[in-house]
Every structure is written in C-alpha cells, then in structure tokens.
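This is what each chain is made of:
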Amino acid sequence: MRLTVFWQRMADHFGEAYADSFARDHVMSGLGGRTVREALDAGWAAKDVWRVVCDVMDVPAHKR
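Residues numbered from 1 in each chain as written. Predicted model: local features only at pLDDT ≥ 70, side-chain atom pairs only at ≥ 80, totals over all residues. Heavy atoms only, no water.

1. Brief notes about the nonpolar core
Step number 1: Counting 18 residues, the largest nonpolar core has Phe6, Met10, Val36, Val49 and Val53 as its most contacted members.
Step number 2: Of all the elements in the fold, those that place two or more residues in this core are α1 (3–14), α2 (16–25), α3 (36–41) and α4 (46–57).
Step number 3: Considering every element that reaches this core, the biggest residue donor is α4, with six residues.
Step number 4: Beyond its immediate stretch of four places on either side in the chain, Met10 contacts Gly15, Ala19, Phe22, Ala23, Val36, Trp50 and Val53. (Core = buried A, V, L, I, M, F, W, Y, C linked by side-chain atoms within 4.5 Å. Buried < 20%, exposed > 50% of the residue type's maximum accessible area, 1.4 Å probe, protein only. Helix = DSSP H or I, 4+ residues; strand = E, 2+ residues; numbered from the N terminus. Contact = heavy atoms within 4.5 Å.)

If you want it as structure tokens, here you go:
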C-alpha cells in the first residue's frame, strides 16, 4: 500500500483533521507501543499499520 492510499483511508475513516491527530497521539500496543507516525517512521509497511488501526478502531470490513 502506498502512503498516499494509507493517508486517504485514514482521512476517509477519521476525517482529515482527526486522522492527523490520531496518527500523532494514539499509542497502540499492536504497533509496539508506537503511534502511527512513529511506526511509519520506524519502517513499518503502511499496509501493516493500517491493519493494526483497523483492528484497534474496529474499522468496518468494507473500508479495510
């Protein structure tokens, strides 16, 4: 998954403003105690980060 697709999915699900806040502030154990931004900066694949976000935030199957 390209980062542009990842960020579009984040914005579609959370809204543009909250997607950025969530990515900066929400620490998830599924990302090793990192935020979305920290995980991406650490080299995690966008598709793997998206899967964790989907699981943690109960993103509906049609948006996954």
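2. Some details on α4
Step number 1: Given a rise of 1.5 Å per residue, 12 residues ought to cover 16 Å, and the 16 Å separating the end C-alpha atoms of α4 matches this to within 8%.
Step number 2: Listed in full, the buried residues belonging to α4 are Ala46, Val49, Trp50, Val52, Val53 and Cys54.
Step number 3: Next to the buried residues of α4 lie α1, α2 and α3. (Expected span 1.5 Å × (residues − 1).)

3. Thoughts on the confidence of the model for the protein chain
Step number 1: The predicted model of the protein chain has a mean per-residue pLDDT of 95, with 100% of residues at 70 or higher.
Step number 2: Element-level mean pLDDT values for the protein chain span from 95 in α2 up to 98 in α3. (pLDDT = per-residue confidence, 0-100.)

4. Focus: the side chain of Thr35
Step number 1: Inspection of the secondary structure assignment puts Thr35 in the loop between α2 and α3.
Step number 2: Assessed through its relative accessible area of 4%, Thr35 is described here as buried.
Step number 3: If we skip the residues at most four places from it in the chain, Thr35 touches Ala23, Arg24, Asp25, His26 and Val27.

5. Concerning the packing of aromatic side chains
Step number 1: All told, the structure shown has five aromatic pairs when counted by the stated rule.
Step number 2: Judged by centre distance (6.1 Å) and plane angle (90°), the ring pair of Phe6 and Trp50 falls under edge-to-face. Placement of the pair is Phe6 in helix α1 and Trp50 in helix α4, with a sequence separation of 44 residues.
Step number 3: The exposure class of Trp50 is buried, given its relative accessible area of 3%.
Step number 4: Where Tyr18 meets Phe22, the ring centres are 6.1 Å apart and the plane angle is 55°; that geometry is what we call tilted. One end of the pair is Tyr18 and the other is Phe22, both in helix α2 and four residues apart, which spans about a single turn.
Step number 5: Three or more aromatic residues joined by ring pairs form one cluster here, namely Phe6, Trp7 and Trp50. (Phe/Tyr/Trp six-rings, centres within 6.5 Å; stacked < 30°, edge-to-face > 60°.)

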